[in-house]
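Letter by letter, the chains look like this.
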Amino acid sequence: ADVRVASIRGLWEHECTDLIPPLLQILKCDDSPSVRAEAALALGRFVLLAEFGRLREHYFAEVVAGLRRVLDDPREMQEVRARAVEAVGPHDSAWVRQAISEAYESGARRLKVSAVFAMGRSCEPRWLPLLLRELSSDDAELRYEAAVACGSVGDESAVPVLIPLLSDPDDEVKQAVVAAL
């Protein structure tokens, strides 16, 4: 499994559509949740390409169908579902917004962190109230992801809430705030 994860990560620059079928097969059938999660992340690159108009619709439809199948499967491991939420985050559609909301409200910390990440990848100001709320979370990882997401959304109304976090006790949160500002 470690070798398969490393292999998928090693293809991070590869944007050719010939990678989509094997990644979808891995997402569907691999026996390791960590490998399936990595495949979901890798498919997120194609979601982003589609949003930029650089991927044909039939390829995008395959990618979305595979990721959606994971999101709709309550038996799928939480880590795989979390990575699928992150992967579809840039796609602007009602079902993606619903998936992000459901992950955020699920009560599962891992899904909530991925939902906050996906909110940032969407670059949509509609998520700003939730992101601003997470900037005051007791969980440093949520504060970090919320700061990164605020930077991606790019709404100046987040600045007054971000500035106090320059004194956050967590160094990674501080770095995320600096980058967001």
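The paragraphs below set out a description of the structure included in this document. (Residues numbered from 1 in each chain as written. Predicted model: local features only at pLDDT ≥ 70, side-chain atom pairs only at ≥ 80, totals over all residues. Heavy atoms only, no water.)

**A look at the pattern of salt bridges**
As a working rule, side chains carrying opposite charge can pair if their charged atoms are close by. Formally: Salt bridges, as used here, are contacts in which a Lys or Arg side-chain nitrogen is within 4 Å of a carboxyl oxygen on Asp or Glu. Counting from the N terminus, the helices are the DSSP runs of H or I reaching at least four residues and the strands are the DSSP runs of E reaching at least two. Only protein chains enter the calculation, and the probe is 1.4 Å; a residue is then buried if its accessible area is under 20% of its type maximum, exposed if over 50%, and partly exposed in between.
Within the structure shown, the criterion is met by 18 salt bridges. Between R9 and E38 there is a salt bridge, and its shortest N-O distance comes to 3.2 Å. A residue pair is termed long-range when its members are at least 10 positions apart, and R9 in helix α1 (residues 2-10) and E38 in helix α3 (residues 33-51) qualify at 29 residues. A salt bridge links D92 to R97, with the nearest nitrogen and oxygen atoms 2.6 Å apart. Note on D92: relative accessible area 44%, which makes it partly exposed. A relative accessible area of 25% places R97 in the partly exposed class.

**Some remarks on the side chain of D139**
Just so we agree on the cut-off: Under the rule applied, a polar contact is a pair of N or O atoms within 3.5 Å (in protein, one hydrogen donor and one hydrogen acceptor; residues adjacent in sequence only if both atoms are side-chain atoms).
Turning to its location among the elements, D139 is positioned in the loop between α8 (128-134) and α9 (140-153). A distance of 2.5 Å separates a polar atom in the side chain of D139 from a polar atom in the side chain of R109.

**A look at a nonpolar patch on the surface**
The test is simple: Excluding any residue in a salt bridge, patches collect residues exceeding 30% relative accessible area, merging like charges within 9 Å and nonpolar Val, Leu, Ile, Met, Phe, Trp and Tyr side chains within 5 Å. What sets the accessible areas is the Shrake-Rupley method with a 1.4 Å probe; for residues, cover comes only from the shown protein chains.
A cluster of nonpolar residues, V159, I163, L166, V178 and L181, forms a patch on the protein surface that exposes about 400 Å² of accessible area. Among the secondary structure elements, L166 is positioned in the loop between α10 (159-162) and α11 (171-180). By relative accessible area, L166 is classed as partly exposed at 37%.

**Description of the nonpolar core**
Spelled out, the test is: The nonpolar core is taken to be a set of buried Ala, Val, Leu, Ile, Met, Phe, Trp, Tyr and Cys residues, with the residues joined through side-chain atoms within 4.5 Å.
Judged by nonpolar contacts, the single largest core of 60 residues is most densely connected at F46 and L67. The dominant element in this core, judged by the number of residues it contributes, is α3, at ten residues.

**As for the side chain of H91**
Here is the rule: Contacts: residue pairs with any heavy atoms within 4.5 Å of one another.
Among the structural elements, H91 can be located in the loop between α5 (78-88) and α6 (94-105). For H91, the contacting residues outside a window of four places in its chain are V47, E51, F60 and V96.

**Quick notes on helix α4 (residues 57-71)**
Here is the rule we go by: In this scheme, a helix's expected span is set at 1.5 Å multiplied by one less than its residue total. By arc we mean the arc of the directions from the helix axis to the C-beta atoms, nothing more.
Taking 1.5 Å per residue as the helical rise, α4 with its 15 residues ought to reach 21 Å, and the 20 Å between its terminal C-alpha atoms agrees with that figure. Residues of α4 that are buried: F60, V63, V64, G66, L67, V70 and L71. Buried residues of α4 fall within an arc of 160° about the axis and therefore sit on the same side. Its buried side turned inward, α4 meets α2 (20-29), α3, α5 and α6.

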